[in-house]
Amino acid sequence: MYPGQKEIFMSATHQPIIPHGPVPSPAQLAYHQDELAAFIHFGPNTFNDREWGTGTESPEDFNPSDFDADQWVRVLKETGFKRLILVLKHHDGFVLYPSAYTDHSVKASPWRQGQGDVLAEVSAAANRYHLPLGFYLSPWDAHHPDYHVDRQEAYNDYYFKQLQELFENPAYGYQGRFVEVWLDGARGEGAQAVTYDFKRWFDYIESQGYPVAIFSTEPTALRWVGNERGYGGDPLWQKVKADRLRQGDIDYLNHGDPEGVLYSLAEVDVSIRQGWFYHDSQQPKTVAELMDIYLHSVGKGSPLLLNIPPDRRGQFAEADIEVLRDFQLARQALYETNYLAGGQILDSSGQSQNQLLDQSGLWQASVCHDNVLELVLPQVASLDLVQIQEAIQYGQRVSAFHIDYLDQAGQWQPFAQGQTLGYRRLVKGPLVQSQRLRLVLDQAQATPILSGLAVYRWPDQVKVQQASNEVVFGQACYEGVKGQPLTVTLLRQGDLSQALKVKIATEPGTGVHGRVYEDAQYQVNFEARQEVAQIQVPSLYYAQDQEHDFYLRILPDGPKTRLLVQ
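Predicted model only: the values in this text are computed from it and were never measured. (Residues numbered from 1 in each chain as written. Predicted model: local features only at pLDDT ≥ 70, side-chain atom pairs only at ≥ 80, totals over all residues. Heavy atoms only, no water.)

### A short note on the overall build of the chain
The criterion, for reference: Here a helix means four or more residues in a row that DSSP labels H or I, a strand means two or more in a row labelled E, and each is numbered from the N terminus. Based on C-alpha atoms, the radius of gyration is set beside the globule rule, defined as 2.2 Å times the residue count to the power 0.38. Exposure categories follow from relative accessible area, calculated using a 1.4 Å probe and restricted to protein chains: below 20% of the type maximum is buried, above 50% is exposed, and the middle band is partly exposed. Here, residues are in contact when the closest pair of their heavy atoms is within 4.5 Å.
Secondary structure summary: the chain contains 10 helices and 27 strands in total. For 566 residues, the compact-globule formula gives about 24 Å, and the C-alpha radius of gyration of the chain, at 24 Å, lands near that figure. In terms of overall dimensions, the chain has a C-alpha envelope of 70 × 65 × 45 Å along the principal axes. Burial status across the chain gives 58% buried among its 566 residues. Long-range pairs, those at least 24 residues apart, make up 73% of the contacts in the chain with a sequence separation of at least 6.

Below is the structure:
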């Protein structure tokens, strides 16, 4: 029986465990456990150096010179990814398998003399390397003639038939199955307001007889986290209310809802490069940047969906592979030494709760005030990270916590604090030397239940220069004209004796990338003694007579400024 069902279980303290609120489905729990997934964007945009196609591209554009699906899947498997989500149709409508319902696909391209099938080759590789597979099939289709409000019934039928092609072809998927279906909610400027037949599509996907996680703007298993820079919020509730979710409010998506009645897993998506598709002019993120993203995604209890775009050959770029391998080494280094192993975990009454050391059992607070656990290391260690795992199969409960450490003088000192826990919370604090830590669960919606505790040290090789506190924006808001660039000023504070590099990224507001602004990262180089720098941030022209905003943030988690265009 799946433990989220309404059955009473016993904790290590012999108290009954009754689920609180919504609990994860088998598909959601499996994704919690997988934690790391790969996204692959590949299509005409790769060859046209674009992010969003128009639907007018020719299938002749798609012609990888040395396509190698085996390389994709082998590298992903070797670098620790647990599933792969392949973009089969982006907004331009071009399909990466030979669909019977459109000629706008690989069968009309010169690649493999029109006999190629990207999905079939990726599926074969996924089966060789035992990597579960999912797919992205864009509902918005800028190419298909039936994508029009007057013909939306025909378009919905077209989309449904493509779902049937994918699920009913035994050559597709991992062992003939898909773990995830991605229905992107994006719809471009001027696109027809087609009403999608979600119920028919979802009913069909859910009728497969095995767990499939659906990502969409509807109240399905997976939701967007509200940004494309790889950051989950704090709090990050994995539950929502359906009507609020449909409104698409960015903060709501990023934080979830403490009063939510539907379990909604926030999937944190970000690209290893600036764009989702490959561009020669872009470089991959550094290992330090990826580890920071890992801390704010997996470390907030959400799975990380990292996009790796193949180049025009149809292969991962060597620079990206090198970063993926170093990212894997950094994660291995992080978990290499658990400083709590061989130690003790004591509750408020001094009783041992060592089942949390090896996750052989749960800990449930016995009374409302029994909310403190003391972590006793076998010896003094230099540490800066605590891992806390909530028994998420019984519902998300904790809403505030803090951690103290015992200093060399025998005094308790603050280490870190936060709000929600979830499946895995990685709590980063200062580097301290201590043998004792104290976890205090300050607030909870129901009796706290934990499944694991560990203590680590952030790998030295991925320490990142924290420039975010040294640079601020010149204004809280910049106003401009849609379609024209905005000039943004940055001011450097504090010690100016050394040169400094700062990275800045765009974030959505009421405007989204591809419609109001370009999804981009900027690097600003301050020379020694330089106090002021400026960058030009382009905005995109849109037809509506209304204002939209988006944001710039200093990475990794620094100040942000609002950009308003109309």
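From this point, the narrative continues.
### Description of helix α4 (residues 118-129)
For the α-helix, the turn length of 3.6 residues means that residues three or four positions removed from each other point alike. Heads up, the rule is: Every helix has an expected span of 1.5 Å times one less than the residues it contains. Here the arc refers to the directions that run from the helix axis out to each C-beta atom.
An ideal rise of 1.5 Å per residue puts 16 Å on 12 residues; α4 measures up with 17 Å between its terminal C-alpha atoms. Every buried residue belonging to α4 is among V118, L119, V122, S123, A125 and A126, and all of these are buried. Down the axis of α4, the buried side of the element spans an arc of 165°, and every buried residue falls inside it. Tucked into the core, α4 has its buried residues touching α3 (69-78), β4 (83-89), β5 (133-137) and α5 (152-167).

### Focus: the UniProt feature "domain: Glycoside hydrolase family 29 N-terminal" (unreviewed entry) in the chain
Put simply, the rule reads: UniProt positions are given in the numbering used here, feature names are shortened, and annotations may be inferred rather than shown by experiment.
Residues annotated in UniProt with the feature "domain: Glycoside hydrolase family 29 N-terminal" (unreviewed entry) correspond here to residues 58-326. Secondary structure content for residues 58-326 is 29% helix and 13% strand, while the C-alpha to C-alpha distance between its ends is 38 Å.

### Digging into the side chain of D257
Basically, it comes down to this: None of His or the chain ends enter the tally, which takes Lys and Arg as positive and Asp and Glu as negative. Here a salt bridge means any side-chain nitrogen of Lys or Arg lying within 4 Å of a carboxyl oxygen belonging to Asp or Glu.
Following the sequence through the fold, D257 ends up in the loop between α8 (250-255) and β10 (262-263). Buried and unpaired, D257 has no salt bridge, with K241 as the nearest side chain of opposite charge at 4.3 Å. In this structure, D257 is in contact with W237, K239, V240, K241 and Y252, ignoring residues within four places of it in sequence.

### Remarks on the nonpolar core
Operational definition: By nonpolar core is meant a set of buried Ala, Val, Leu, Ile, Met, Phe, Trp, Tyr and Cys residues that side-chain atoms within 4.5 Å join together. Boundaries between domains were set according to an automatic or database domain assignment.
The biggest cluster of nonpolar side chains holds 80 residues, and the ones touching the most others in it are W72 and V118. By residue number, the principal contributor to this core is α5, which donates 7 residues. When we break this core down by domain, the ones giving at least three residues each are domain 1 (38-335) and domain 2 (344-456). Apart from the residues lying within four places of it in its own chain, the contact partners of V118 are F62, F67, W72, L86, L96, V106 and W111. I345, V427, L441 and L450 belong to the second-largest nonpolar core, a separate cluster that totals 27 residues.

### Quick notes on the packing of α5 against helix α6 (residues 198-206)
Inclusion rule: In this description, a line fitted to the C-alpha atoms serves as the axis of each element, helices being fitted only across the stretch in contact, and the angle between N-to-C directions of two axes falls anywhere from 0 to 180 degrees. When an angle is under 35 degrees it counts as roughly parallel; over 145 it counts as roughly antiparallel; between 65 and 115 it counts as roughly perpendicular; any other value is oblique. Residues are grouped as follows: nonpolar covers Ala, Val, Leu, Ile, Met, Phe, Trp, Tyr, Cys and Pro; charged covers Asp, Glu, Lys and Arg; every other residue, Gly included, is treated as polar.
Across the interface, α5 lies against α6 with an axial gap of 10 Å and an inter-helix angle of 10°. Classified by the angle between their axes, α5 and α6 sit roughly parallel to one another. Contacts between α5 and α6 involve N156, D157, Y159, F160, L163, Q164 and F167 from the former and R200, W201, Y204 and I205 from the latter. In terms of residue class, the contact of α5 with α6 is built from 7 nonpolar, 2 polar and 2 charged.

### Let's talk about the packing of aromatic side chains
Cut-off, in case you're wondering: Ring pairs are drawn from Phe, Tyr and Trp, using the six-membered ring of Trp, whenever the two centres fall within 6.5 Å, and their geometry is named by plane angle: stacked under 30 degrees, edge-to-face over 60, tilted for the rest.
Tallied over the entire structure, the rule returns 33 aromatic pairs. Here W72 and F316 contribute two aromatic rings whose centre-to-centre distance is 6.2 Å and whose plane-to-plane angle is 15°, an arrangement assigned as stacked. With W72 in helix α3 and F316 in the loop between β12 (304-307) and α10 (318-335), this pair connects stretches of sequence that are 244 residues apart. According to the relative accessible area criterion, W72 is buried, its value standing at 0%.

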